[in-house]
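# Structural overview for review
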Amino acid sequence: MLELRPSVNRLWPNICTAIGFIVLAFAGCSQNAPSHLPNPVLLPAYAVGNAIHNASYNAHRSKVKTYVTQNFEALHQDIRGGGGPVLEMAYQLAGVKAETRPALSRMLAEEPNLAKDPEALTVSLMVHGD
């Protein structure tokens, strides 16, 4: 004899997933209440903008790191001496503002670990630059 069974809707899991994504999208679109979720329509634009910013920052950091690595001993001497042309060029490459350079020079002179590691000096310059 034939056994009758209700048909299984094979699309039901896909429909549930789609409804879940739609609900999540609307949760990020609320204009009346603050939300930590960005507008999902703008996510591709954010991704492109972030990629461009990261590429620009990495190129800038690479220039500063190359200069610091090539002139590390001279930079260390300028830092101990309170300033000099090599240190000024490093500040210029990193985008450190002129009004903050004297205080940064004093801070760099007080940090003994910067005399050992070009990477640490590069990070210090990049943090205080633009």
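Residues numbered from 1 in each chain as written. Predicted model: local features only at pLDDT ≥ 70, side-chain atom pairs only at ≥ 80, totals over all residues. Heavy atoms only, no water.

### A word on the packing of helix H3 (residues 72–81) against helix H4 (residues 85–94)
Under the convention used in this document: Orientation is described by axes fitted as lines to C-alpha atoms, over the contacting stretch for helices, and by angles from 0 to 180 degrees between their N-to-C directions. In DSSP terms, a helix is any run of H or I states spanning at least four residues, a strand is any run of E spanning at least two, and both are numbered starting from the N terminus. To sort the angles, those under 35 degrees are grouped as roughly parallel, those over 145 as roughly antiparallel, those from 65 to 115 as roughly perpendicular, and the leftovers as oblique. Contacts: residue pairs with any heavy atoms within 4.5 Å of one another. In this count, Pro and Cys sit with the nonpolar residues alongside Ala, Val, Leu, Ile, Met, Phe, Trp and Tyr, while Asp, Glu, Lys and Arg are called charged and the others, Gly among them, polar.
Put simply, H3 and H4 touch, their axes get as near as 7 Å, and they point 105° apart. Relative to H4, H3 is oriented roughly perpendicular. On H4, the residues that touch Ala74, Leu75, Asp78 and Ile79 of H3 are Pro85, Val86, Leu87 and Ala90. Of the residues in the contact of H3 with H4, the class split is 7 nonpolar, no polar and 1 charged.

### Some points on the pattern of salt bridges
Oppositely charged side chains can pair when the atoms bearing their charge come close. For clarity, the threshold we go by: Should a side-chain nitrogen of Lys or Arg be within 4 Å of a carboxyl oxygen of Asp or Glu, the pair is scored as a salt bridge. Throughout this description, buried means an accessible area under 20% of the type-specific maximum (1.4 Å probe, protein chains only), exposed means over 50%, and partly exposed covers the range between.
Tallied over the entire structure, the rule returns 3 salt bridges. In this structure, Glu119 engages Lys65 in a salt bridge whose closest nitrogen and oxygen atoms are separated by 2.9 Å. Here Glu119, found in helix H6 (residues 118–128), pairs with Lys65, found in helix H2 (residues 43–70); they are 54 residues apart in sequence, far enough to count as distant. Taking the relative accessible area as the measure of exposure, Lys65 reaches 34% and is therefore partly exposed. Note that Arg101 and Glu88 form a salt bridge whose closest N and O atoms lie 2.9 Å from each other. Of this pair, Arg101 sits in helix H5 (residues 101–110) while Glu88 sits in helix H4, and the two are 13 residues apart along the sequence. Here the salt bridges share partners, and the residues they tie into one network are Arg61, Lys65 and Glu119.

### Some thoughts on H5
As a reminder of what qualifies: Comment: arc refers to directions from the helix axis out to C-beta atoms.
Residues of H5 that are buried include every one of Arg101, Leu104, Ser105 and Leu108, and no others. Down the axis of H5, the buried side of the element spans an arc of 105°, and every buried residue falls inside it. Across H5 from its buried face, at more than 90 degrees, point the exposed residues Arg106 and Glu110. At its buried positions, H5 is contacted by H3, H4 and H6.

### Quick look at the packing of H2 against H6
When two helices pack together, their arrangement is given by the angle between the helix axes and the distance between those axes. The condition is simple: In a left-handed crossing the near helix is turned counterclockwise from the far helix by less than a right angle, and in a right-handed crossing that turn is clockwise.
At a minimum axis distance of 9 Å, the contact between H2 and H6 shows a crossing angle of 130°. Here H2 lies oblique to H6, going by the angle between them. For the pair H2 and H6, the crossing hand works out as right-handed. Between H2 and H6, the residues in contact are Tyr57, His60, Arg61, Val64, Lys65, Val68 and Thr69 and Pro118, Glu119, Leu121, Thr122, Val123, Leu125 and Met126, respectively. Split into classes, the residues belonging to the contact of H2 with H6 amount to 8 nonpolar, 3 polar and 3 charged.

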